[in-house]
Amino acid sequence: MDNPPNLYALHHVSIIVSDTKRALGFYHKLLGLGVDASRPDLGYPGAWLNINGNQQIHLLEVPNPETGLTRPAHGGRDRHLALWSTDLNAIAQRLQAAGIPISRSQSGRQALFCRDPDDNAVEIIQHLPV
């Protein structure tokens, strides 16, 4: 490319959910992501969740075009959202205490996979900030 675009960070990822309140129970209450109350009215329910500064997850409560698809058992073999954590073991304990099944990374990395209430795969990776 002669003039490559200067892409440098992820702004947000959108995730389709069937019930915003239930999804917030997972992402906000269980995982601890902050809710951005300034979300504009887009004509359908949803929420913006903040991750460490200006990165976000956008929950979209819209009809899911993939309803009825069978997802792979291990989230690492499915499209997924990946988050860094400074305490993977604490996250694993919270998920397990909430009855959410986890699987460890099959590569041997310090990472786990789980699924949100709408069967979206989430990867959480141990990472100590520099």
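Everything below is about the structure printed above this text.
Residues numbered from 1 in each chain as written. Predicted model: local features only at pLDDT ≥ 70, side-chain atom pairs only at ≥ 80, totals over all residues. Heavy atoms only, no water.

Novice: Whenever I open this one, the sheet that holds strand β3 (residues 46–51) confuses me. Can you help?
Specialist: What links the strands of a sheet is backbone hydrogen bonding, and the strands pair in either a parallel or an antiparallel sense. Here four strands make up an open sheet; going across it, the order is β1-β4-β3-β2 and the pairing mixed. Two strands in the sheet have a free side with no partner beyond their single neighbour: β1 (12–17) and β2 (34–36). Strand-to-strand, the axes of this sheet are offset by a mean angle of 30 degrees, without reference to chain direction. Sheet topology places β1 next to strand β4 (residues 55–61); six bridges connect them, and they run parallel. Its bridge partner lying in β4, S14 is registered against H58. Contacting β1, β2, β3 and β4, helix α1 (residues 20–30) runs over the sheet at an angle of about 10 degrees to β3. (Pairing = 2+ DSSP bridges. Helix = DSSP H or I, 4+ residues; strand = E, 2+ residues; numbered from the N terminus. Axes fitted to C-alpha atoms, helices over the stretch in contact; angles between N-to-C directions. Contact = heavy atoms within 4.5 Å.)

Novice: How should I be thinking about the pattern of salt bridges in this particular structure?
Specialist: Between side chains of opposite charge, a pair can form as their charged atoms come close. The tally for this structure, following the rule as stated, stands at seven salt bridges. Across the pair D118 and R22 runs a salt bridge whose closest N-O atoms are separated by 3.0 Å. In this pair, D118 sits in the loop between β7 (111–115) and β8 (121–126) while R22 sits in helix α1, placing the two residues 96 residues apart along the sequence. (Salt bridge = Lys/Arg side-chain N within 4 Å of Asp/Glu carboxyl O.)

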